[in-house]
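Examination of the molecular architecture
These are the residues of each chain, in order.
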Amino acid sequence: RCTPSYRALPRDYPAPPCTERNVVESKVLNDIWVSLPVGSEESYTFRHMRRNNYEEILFRCEDERFEIDMVIDSNAATLQRLLPIAEEIARL
């Protein structure tokens, strides 16, 4: 136990696979300590908290921005896949 809200995983807990880590990342990234809720955080999740109108609008805005980011990323990935095909068609 490090603090009231952080505890070490059991020694026999299976380590998650991290194949892309380099030596420095393996030394500095945490795979042992986990965060646990304390106090009133345990009795209910953040979703069940009461929100006022401004918070509702803020959450909706954040959700919409997330969705837009996902669409932008998806479209960018599609464009990257289509560029070689477009170049090949242009050479015909």
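Relevant structure appears above.
Further remarks concern the overall build of the protein. Along the protein, the regular secondary structure elements total 2 helices and 2 strands. Ordered by position in the sequence, the α and β elements of the protein form the string β-α-β-α. Among the 92 residues that make up the protein, the fraction classed as buried is 0%. Accessible surface, the protein: about 9100 Å² in total, of which carbon and sulfur atoms supply 58%.

Another aspect to go through is helix 2 (residues 53-91). Taking 1.5 Å per residue as the helical rise, helix 2 with its 39 residues ought to reach 57 Å, and the 56 Å between its terminal C-alpha atoms agrees with that figure. The largest bend along helix 2 measures about 30° and falls at Leu82, with the proline Pro84 one to four residues further on. Two to three positions downstream of the cap, the backbone nitrogen of Tyr54 sits 3.0 Å from a side-chain oxygen, assigning the N-cap of helix 2 to Asn52.

This part is about a nonpolar patch on the surface. A cluster of nonpolar side chains, namely Leu82, Ile85, Ile89 and Leu92, defines an oily patch on the protein surface of about 460 Å² accessible area. Looking at the secondary structure, you find Leu82 in helix 2. Judged by relative accessible area, Leu82 falls into the partly exposed class, the value being 44%.

Taken together, the side chains of Glu62, Asp63, Glu64 and Glu67 make up a negatively charged region of the molecular surface. When its relative accessible area of 52% is taken as the criterion, Asp63 is described as exposed.

The rules behind each value
- Residues numbered from 1 in each chain as written.
- Predicted model: local features only at pLDDT ≥ 70, side-chain atom pairs only at ≥ 80, totals over all residues.
- Heavy atoms only, no water.
- Helix = DSSP H or I, 4+ residues; strand = E, 2+ residues; numbered from the N terminus.
- Buried < 20%, exposed > 50% of the residue type's maximum accessible area, 1.4 Å probe, protein only.
- Areas by Shrake-Rupley, 256 points an atom, 1.4 Å probe, with all protein chains shown as cover.
- Expected span 1.5 Å × (residues − 1).
- Bend = angle between axes of the 7 residues up to and from the residue.
- Polar contact = N/O pair within 3.5 Å; in protein donor to acceptor, adjacent residues only side chain to side chain.
- Patch = residues over 30% accessible without salt bridge, like charges linked within 9 Å, V, L, I, M, F, W, Y side chains within 5 Å.
- Salt bridge = Lys/Arg side-chain N within 4 Å of Asp/Glu carboxyl O.
- Lys, Arg positive; Asp, Glu negative; His and termini not counted.
- Charge placed at Lys NZ, Arg CZ, Asp CG, Glu CD.

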